[in-house]
Amino acid sequence: MLGPVILAASRSDKMRRLVSAAPVTKPVVDRFIPGETVDQVVPIVTDMADKGLEVTLDVVGEDITRPEQATAARDAYLQLVERLKPLGLEACAEMSVKLSMFGQALEGGHELALANVRPVVEAAAAIGTTVTLDAEDHTTLDSMFAIHDELRKDFPETGCVIQSYLFRTEDDARRLAANGSRVRIVKGAYKEPSSVAFQDKAEVDKAYVRILKILMAGEGYPMIGSHDPRLIAITQELARRAGRKLDEYEFQMLYGIRSEEQVRLAAEGHRMRVYTAYGTDWYGYFMRRLAEKPANLLFFARSMITKN
């Protein structure tokens, strides 16, 4: 019930100022966002690689209002590629991007976002890695999928994200699985109306399993974004039934959540990728992490009570 309230707060400038000013915010945010600069996050990536973990890196920030901000977002990702280049981490480190950061919501946004993201995808491919296009609210998805299709013409490893709480997603999954796409499935973390999305958690979970079956039976590469032990077990069983080897799908979890489970799955031979965000514009990302799981909100609230 609190999820929609928190998601509304993620768009509130007043709440942004309040949360940012709270004395305990930084140590709590650090649980989910390990740094503000690429130099701060690279040692963490190296440490995770040493543990057998893979990563997908997200430079946080979404509310772009000017074309120059979109250009700056592009340049931040190009800087990340340059920083990764000499480290030999291309086998385990990819990048995740939100097209809103690249100007998707501005005038001429579809073309602008494509023009800004293409150099990032090209640079990533040049060092042997790839990019995944994150899903945002339902109004952006037709543009995101069109950009994904366009990028895959030259860079077929470009991935995308689908969200099980949306009614449309089973059809999207069938198309992407048939096309051989890399697809990350998540439950969804935006406030969506009942006209386009399931509102009941049980229905979202059922849809997640139906979509998993489509992806596992298809020609693509499923990336299972979930911390739910039940869904992880179901994934393993569906992969077994589909005859998939351990390197023909992967698990993905957020940095700072179920870290021991991440290491355990990697030790069993599974590909385990950690979604690792960094940057100064952390507020929207942080609030969605609180909205996704009551335990995250409880963690934050307990910290505020203890520290104040």
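Look up: the structure comes first, before these words.
Cut-offs used in this document
- Residues numbered from 1 in each chain as written.
- Predicted model: local features only at pLDDT ≥ 70, side-chain atom pairs only at ≥ 80, totals over all residues.
- Heavy atoms only, no water.
- Helix = DSSP H or I, 4+ residues; strand = E, 2+ residues; numbered from the N terminus.
- Expected span 1.5 Å × (residues − 1).
- Buried < 20%, exposed > 50% of the residue type's maximum accessible area, 1.4 Å probe, protein only.
- Arc of directions from axis to C-beta.
- Axes fitted to C-alpha atoms, helices over the stretch in contact; angles between N-to-C directions.
- Parallel < 35°, antiparallel > 145°, perpendicular 65-115°, else oblique.
- Left-handed = near helix turned anticlockwise from the far one by under 90°.
- Contact = heavy atoms within 4.5 Å.
- Nonpolar A, V, L, I, M, F, W, Y, C, P; charged D, E, K, R; others polar.
- Polar contact = N/O pair within 3.5 Å; in protein donor to acceptor, adjacent residues only side chain to side chain.
- Phe/Tyr/Trp six-rings, centres within 6.5 Å; stacked < 30°, edge-to-face > 60°.
- Lys NZ or Arg CZ within 6 Å of the ring centre and 35° of its normal.
- Salt bridge = Lys/Arg side-chain N within 4 Å of Asp/Glu carboxyl O.

Engineer: How do you make sense of helix α10 (residues 229-242) when you look at a structure like this?
Structural biologist: Given 3.6 residues to a turn, an α-helix orients residues that are three or four positions apart in the same direction. Taking 1.5 Å per residue, 14 residues should reach 20 Å; α10 reaches 20 Å between its end C-alpha atoms and fits that length. Taken together, the buried positions of α10 are Leu231, Ile232, Thr235, Leu238 and Ala239. Around the axis of α10, the buried residues are gathered within 125° of arc, so they sit on the same side. The outward face of α10, more than 90 degrees from its buried face, is lined by the exposed residues Pro229, Arg240 and Arg241.

Engineer: Looking at this structure, how should I read the packing of helix α4 (residues 38-50) against helix α5 (residues 67-84)?
Structural biologist: Two quantities define a packed helix pair, namely the angle between the helix axes and the distance between the axes. Where α4 meets α5, the closest approach of the two axes is 11 Å, and the angle between their N-to-C directions is 45°. By the angle class used here, α4 and α5 are oblique. Seen from above, α4 lies across α5 with right-handed handedness. On α5, the residues touching Val38, Asp39 and Val42 of α4 are Gln79, Leu80 and Arg83. Tallied by class, residues from the contact of α4 with α5 come to three nonpolar, one polar and two charged.

Engineer: Which parts of the structure should I look at to understand the side chain of glutamate 94?
Structural biologist: With respect to the secondary-structure elements, glutamate 94 resides in strand β2 (residues 93-97). Look at glutamate 94 and you get buried, because its relative accessible area is 2%. A polar side-chain atom of glutamate 94 sits 2.7 Å from a polar atom in the side chain of threonine 56. Leave out the neighbours within four places in its chain, and glutamate 94 touches Val55, Thr56, Leu57, Thr129, Thr130, Thr132, Arg182, Arg184 and Arg273.

Engineer: I tried to follow the packing of aromatic side chains on my own but got confused; where do I start?
Structural biologist: Within a pair of aromatic rings, the relevant descriptors are the distance that separates the centres and the angle that separates the planes. This structure, assessed with the given rule, holds three aromatic pairs. An angle of 35° between the planes, with centres 5.8 Å apart, marks the rings of tyrosine 77 and phenylalanine 102 as tilted. Here phenylalanine 102 lies in the loop between β2 and α6 (109-126) and tyrosine 77 lies in helix α5, a separation of 25 residues in the sequence. Here tyrosine 77 falls in the buried class, since its relative accessible area comes to 0%. Centroid distance phenylalanine 167 to phenylalanine 198: 4.9 Å. Interplanar angle 80°. Geometry classified as edge-to-face. Here phenylalanine 167 is found in the loop between β4 (159-163) and α8 (169-178), whereas its partner phenylalanine 198 is found in the loop between β5 (182-186) and α9 (201-217), with 31 residues between them in sequence. On the basis of relative accessible area, phenylalanine 167 is assigned to the partly exposed category, the value being 43%. Taking relative accessible area as the criterion, phenylalanine 198 reaches 22% and is therefore assigned partly exposed. Over the face of the ring belonging to phenylalanine 145 we find arginine 175, whose NZ or CZ atom lies 5.2 Å from the ring centre.

Engineer: I would appreciate a short explanation of α8 in the present structure.
Structural biologist: Buried within α8 we find Thr169, Glu170, Asp172, Ala173, Leu176 and Ala177. Along α8, the residues classed as buried sweep out an arc of 155° about the axis, all on the same side. Structural note: α8 exposes Asp171 and Ala178 on the side pointing more than 90 degrees away from its buried face. Structurally, α8 contributes buried residues whose contacts are with α7 (141-154), β4, β5 and α9. In the stretch just after α8, glycine 180 is the one whose phi turns positive, near 75°.

Engineer: Could you clarify how one ought to interpret the pattern of salt bridges in this entry?
Structural biologist: Should the charged atoms of two oppositely charged side chains come close, the side chains can pair. A complete count under the given rule lists 30 salt bridges for this structure. The residue arginine 118 makes a salt bridge to glutamate 150 at a minimum N-O spacing of 3.9 Å. Taken together, the positions of arginine 118 in helix α6 and glutamate 150 in helix α7 put the pair 32 residues apart, joining distant regions of the chain. A relative accessible area of 29% places glutamate 150 in the partly exposed class. Put simply, aspartate 134 and arginine 184 hold a salt bridge, and the shortest N to O gap is 2.6 Å. Pair noted here: aspartate 134 is in the loop between β3 (131-133) and α7 and arginine 184 is in strand β5, with a separation of 50 residues, a long-range link.

Engineer: Looking at this structure, I do not really get the packing of α6 against α7. What am I missing?
Structural biologist: Running from N to C, α6 and α7 cross one another at 40°; their axes reach a closest spacing of 11 Å. By the angle between their axes, α6 is oblique relative to α7. The handedness of the crossing between α6 and α7 comes out as right-handed. On α7, the residues touching His110, Ala113, Leu114, Val117, Arg118 and Val121 of α6 are Ser143, Ala146, Ile147, Glu150, Leu151 and Asp154. Taken together, the residues of the contact of α6 with α7 break down into seven nonpolar, two polar and three charged.

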